[in-house]
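# Descriptive structure summary
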Amino acid sequence: MRLDTALAFLRYFLPLAGTIILASYFYADSHRNSARSRIEAAEVVNVRLGAGMLDRRLLIVIRDLHIAAAGSAVKRYVDSGSRQELSRVAEDFQGFSQARTNYDQIRLLDLDGQEIVRVDHRDGQAQIVTSQKLQNKADRYYFQDSIKLPPGALYLSPLDLNSEQGQIETPHTPALRIAMPLADSQGNKRALLILNYRGAEMLGYVADVTEQAADHLMVVNQDGYYLLAPNHADEWGFMLGKPELSLAHRFPQSWAVIRDAEDRQFSDDNGLWTVATVHPGQPQRTDRAEMPLLSGAGDQHWKVVAHIPPAALPGLGQAFDAAA
């Protein structure tokens, strides 16, 4: 090939080749961005579904507490103090427990923390606990916090593992205790009603609605401890004396952002994080009802967090930070 012919060929070929290369690059980049956008959108949907489920289950528990407190036998006992009414209260609680199997215990305590009626739901059956097996709970934090409240106020405990006789139950039983002081017709505080809600049910509903993200979605408490995790062995570190089992311990820099975030999506060296926060102790509007003020919850909050590591996310090197 003559030199002038070769130069002419290169003059036309090189711009064309450059155009093809640039077009291929932008196509690949666009495809990568599109794939990332789909992932980001799916993560937002999942964490919001999880947070919404936590809200809805909590509203159901509050409704059930009011239903139990409105029972005629409970009202007669609180008003009269007659021990004869306690057998009727126990029967009402047994029927309630048989109909609503998501409560491990339904209890009525006196002002000194002594159980006066207790119904346990075990092995598919609601069982009235005999008087000899009733316990005093005066030293338990949930009694001490809730008995101080005015009649009709609602108390919500932290979500933790249930203990009996000072020992954590095995297999582990996640429990959320919701309580209400009850008053007689004169307004005098007479008793405390407590429902022990099976926290595993609430977390199970979260897992169900976020099934597509099961391998990387978690629920943590305000200290970063796992309440629900892809690896169940990571859960309940704060109850088991294992501080290493926490998001805060494993990803301290990411946790510093997550801790202060309400609803947010951001990426860092550890990957893509998507966060939604639930405050069970604060009044808030859900999609179906108004969440009442729950005393005792303090700064308790739950975070639904989805985490995708760098290797699984297209274009992670690009900066990204947005509200979820």
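Note that this is a predicted model, so its numbers are computed, not measured.

The next thing to look at is the overall build of the protein chain. Of the regular secondary structure elements, the protein chain holds eight helices and 17 strands. Classification of the 324 residues of the protein chain by burial places 48% in the buried group. When contacts within the protein chain are restricted to residue pairs at least 6 apart in sequence, long-range pairs at least 24 apart make up 61% of them.

Let's shift gears to the pairing of strand β3 (residues 125-128). Note: strand β2 (residues 115-122) against β3, four bridges, orientation antiparallel. The partner of D120 across the bridge, within β3, is Q127. Turn length for the β2-β3 hairpin, with the two strands adjacent in sequence and antiparallel, is two residues, and the turn residue D123 shows positive phi of about 50°.

Next up on the list: the pairing of strand β16 (residues 302-308). Counting buried residues along β16, seven of its seven residues qualify, which places the element largely inside the surrounding structure. Burial along β16 is two-sided: the residues W302, V304, A306 and I308 and K303, V305 and H307 are all buried. For strand β10 (residues 217-220) and β16, the ladder comprises four bridges, and the chain directions are antiparallel. Of the residues in β16, the one forming a bridge with V220 is K303. Bridge count for strand β13 (residues 271-278) against β16 is seven bridges, and the pairing is antiparallel. The residue of β16 that forms the bridge with L272 is I308.

Our focus in this paragraph is helix α5 (residues 199-209). Restricting attention to buried positions, one finds in α5 the residues G199, M202, L203 and V206. In a view along the axis of α5, the buried residues occupy a sector of 95°, so they form one face of it.

When you line up the elements, D263 lands in the loop between α8 (252-260) and β12 (264-268). Along the primary structure D263 and K303 are separated by 40 residues, whereas in three dimensions their C-alpha atoms are 9.2 Å apart.

Moving on, we come to the pattern of salt bridges. For the structure on display, the rule yields 15 salt bridges. Between R76 and E85 there is a salt bridge, with its nearest N and O atoms 3.2 Å apart. Accessibility expressed as a relative area gives 38% for R76, which makes it partly exposed. Overall, the relative accessible area of 12% leaves E85 in the buried class. Here R118 ties to D120 by a salt bridge, and the two come within 2.8 Å at their closest N and O atoms. Its relative accessible area of 5% is what places R118 among the buried residues. Sharing partners across several salt bridges, the network here consists of D104, R122, E169 and R198.

It is worth spelling out the nonpolar core at this point. Membership of the largest hydrophobic core comes to 52 residues, with the highest contact counts inside it found for F93, L108, L193, V219 and W302. Counting residues per element, this core draws most heavily on helix α1 (residues 3-69), which supplies 10 residues. Those residues in contact with F93 that lie beyond four places of it in its chain are A68, V74, I106, R107, L108, V117, V119 and L193. Counting residues in hydrophobic clusters, the runner-up holds 11 residues, among them V220, Y226, A229 and V275.

The next point concerns the confidence of the model for the protein chain. Caution applies to low-pLDDT regions: their predicted coordinates should not be interpreted in detail. On average, the protein chain scores 85 in pLDDT, and the residues at 70 or more come to 81%. In this model residues 22-31 is a low-confidence stretch, pLDDT under 50, and it forms one contact with partners more than four residues away in sequence or in other chains.

The rules behind these values
- Residues numbered from 1 in each chain as written.
- Predicted model: local features only at pLDDT ≥ 70, side-chain atom pairs only at ≥ 80, totals over all residues.
- Heavy atoms only, no water.
- Helix = DSSP H or I, 4+ residues; strand = E, 2+ residues; numbered from the N terminus.
- Buried < 20%, exposed > 50% of the residue type's maximum accessible area, 1.4 Å probe, protein only.
- Contact = heavy atoms within 4.5 Å.
- Pairing = 2+ DSSP bridges.
- Arc of directions from axis to C-beta.
- Salt bridge = Lys/Arg side-chain N within 4 Å of Asp/Glu carboxyl O.
- Core = buried A, V, L, I, M, F, W, Y, C linked by side-chain atoms within 4.5 Å.
- pLDDT = per-residue confidence, 0-100.

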